[in-house]
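Architecture and fold: a report
In case you want the letters, here they are:
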Amino acid sequence: MNSFLLITNNQKDKDLSVTNSVCDYLMKEKGKQVKTFVPESRDYDISEEHLTGVDCVIVLGGDGTILRVAKKIVKSNLPILGVNMGHLGYLADVDKSNVFNALDALCEGKYTTQNRMMLSGKVIRGEQEICSLDALNDIVITRGGSMQILNFEVRVNDKMLKAYRADGMILATPTGSTAYNLSSGGPIVEPSADMTLLTPIAPHTMLSRSIILQAEDEIEVTILPPHDLNVEQLIEVYFDGIERVKLEVGDKVEVTKSEMTTTLIRISSASFLETLYEKMKER
């Protein structure tokens, strides 16, 4: 690799000291070409010019930063090396303290890549498609405002699965199994696996558990009327916790495996279980 795009979350590297050090090291010590991009807003408006001629994207931030970058560059098929500038990260393979060793390995070709599946979600209102967005971690249907329970039903491959009364539903990739899915009691899945996880949020029954489906399954969640029709509900669907779309009664959220994938670079030789063990000790 000879050309890099370095993207920095300036809330994690406020004085840009790490950014400048990485840039200088790659250019002066390794003779590489480096472009830098420090987003001025949370929109991460990465242009085609930023990506042109680039072999790899290096992200300085946390999991949230990597998710934002991944969504913006997914069509470029560029691999991402995440450098964790926060306290706990599952997507970033490198800690800030080891960044220069990681850069040496990257320049010497001592790394592997891992393709992570993504989900594609569509919001359908009547006969109209309201939006279509991809997610690397999860698509989450949840309530806002009123504490009233949501009513919705889930169909898989056009067959009824279950009607739920819950605070919401998480549809997660294996990558997202260690995110909201984990805190809601869902299973942890090896991130390179190919499957979709359904985890209800605070279900109002003892029998509701996470369900693991084939990645190729087509899932449809329909918002049903509330128990109390006099109470106005605020219902939303989040894509990776970044994009948000308001839902109405009768709306359908259709979720399938995306045609896109995110490629993450791995420098560490540690297995997923070894990494998981270390991360869990930090919680």
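A brief report on the enclosed structure follows. (Residues numbered from 1 in each chain as written. Predicted model: local features only at pLDDT ≥ 70, side-chain atom pairs only at ≥ 80, totals over all residues. Heavy atoms only, no water.)

**A few points about helix α3 (residues 63–73)**
Across the 11 residues that make up α3, a large majority, 9, are buried. By the burial criterion, the buried members of α3 are D63, T65, I66, L67, R68, V69, A70, K71 and I73. (Buried < 20%, exposed > 50% of the residue type's maximum accessible area, 1.4 Å probe, protein only. Helix = DSSP H or I, 4+ residues; strand = E, 2+ residues; numbered from the N terminus.)

**Things to note about the nonpolar core**
By size, the foremost hydrophobic cluster in this structure holds 28 residues, and its most contacted members are I141, F152, V154, I219, V237 and L247. Listed in part, the 22 residues of the second largest apolar core include V57, A70, I73 and A92. (Core = buried A, V, L, I, M, F, W, Y, C linked by side-chain atoms within 4.5 Å.)

**Topic: the state of the cysteines**
Applying the stated rule across the entire model yields 0 disulfides. C107 supplies the cysteine sulfur nearest to C23, a cysteine that is in no disulfide, at a spacing of 12 Å. Judged by its relative accessible area of 13%, C23 is buried. No disulfide involves C56; its sulfur sits 9.3 Å from the nearest other cysteine sulfur, which is in C107. By relative accessible area, which is 0% here, C56 ends up buried. (Disulfide = S-S within 2.5 Å.)

**Considerations on the pattern of salt bridges**
Applying the stated criterion across every chain yields a total of 13 salt bridges. Residue K71 is joined to E243 by a salt bridge in which the shortest nitrogen-to-oxygen separation is 3.0 Å. Taken together, the positions of K71 in helix α3 and E243 in strand β16 (residues 243–247) put the pair 172 residues apart, joining distant regions of the chain. The class for E243 is partly exposed, based on a relative accessible area of 26%. Residues R125 and D251 are paired through a salt bridge, measuring 2.8 Å at the closest nitrogen-oxygen approach. Taken together, the residues R125 in strand β6 (residues 112–125) and D251 in the loop between β16 and β17 (252–266) connect sequence positions 126 residues apart. What makes R125 partly exposed here is its relative accessible area of 28%. Here D251 falls in the buried class, since its relative accessible area comes to 1%. The structure contains a network of salt bridges with shared partners spanning K71, D240 and E243. (Salt bridge = Lys/Arg side-chain N within 4 Å of Asp/Glu carboxyl O.)

**Overview of the sheet that holds strand β8 (residues 138–144)**
The 6 strands lie next to each other as β13-β12-β11-β8-β15-β16, forming an open sheet whose pairing is antiparallel. The open sheet has two free edges, formed respectively by β13 (211–214) and β16, since each of these has just one partner strand. Averaged over all adjacent pairs, the angle separating strand axes in this sheet is 20 degrees, with direction ignored. (Pairing = 2+ DSSP bridges. Axes fitted to C-alpha atoms, helices over the stretch in contact; angles between N-to-C directions.)

**So, helix α4 (residues 99–107)**
A large share of α4 lies buried, amounting to 7 of its 9 residues. Taken together, the buried positions of α4 are occupied by V99, A102, L103, D104, A105, L106 and C107. In this structure, the buried side of α4 is in contact with β1 (3–8), α1 (17–29), β3 (56–61), β4 (80–84), β5 (94–95) and β17. Positive backbone phi, at 75 degrees, marks G109, one or two positions downstream of α4. (Contact = heavy atoms within 4.5 Å.)

**Observations concerning empty space enclosed by the protein**
If a probe the size of a water molecule is rolled over the atoms, the empty space left behind becomes visible. Enumeration over the complete set of coordinates arrives at 1 cavity of 30 Å³ or more. Computed from the structure, the largest cavity encloses a volume of approximately 50 Å³. If you go around the largest cavity, the residues you meet are A70, I73, V74, N77, L78, I80, T261, T262 and T263. Of all the elements in the fold, those that place two or more residues in the lining of the largest cavity are α3 and β17. Broken down by element, the lining of the largest cavity gets its largest block of residues, 3 residues, from β17. Grouping the amino acids of the lining of the largest cavity by side-chain chemistry returns 5 nonpolar, 4 polar and no charged. (1 Å grid on protein atoms, 1.4 Å probe; cavity = no way out; pocket = protein on both sides within 12 Å on 5 of 7 lines; lining within 4 Å. Points joined across faces, edges and corners; volume = space filled by probe spheres on them. Nonpolar A, V, L, I, M, F, W, Y, C, P; charged D, E, K, R; others polar.)

**A short note on the packing of aromatic side chains**
What describes a pair of aromatic rings is the distance from one ring centre to the other and the angle between the planes of the rings. Enumeration according to the criterion identifies 2 aromatic pairs in this entry. On the numbers, 5.6 Å between centres and 20 degrees between planes, the contact of F152 with Y164 is stacked. Taken together, the residues span a long stretch of sequence, with F152 in strand β9 (residues 150–156) and Y164 in strand β10 (residues 159–166) at a distance of 12 residues. Each member of the pair, F152 together with Y164, is buried. The residue whose ring lies beneath K162 is Y164, and the NZ or CZ to ring-centre distance is 5.7 Å. (Phe/Tyr/Trp six-rings, centres within 6.5 Å; stacked < 30°, edge-to-face > 60°. Lys NZ or Arg CZ within 6 Å of the ring centre and 35° of its normal.)

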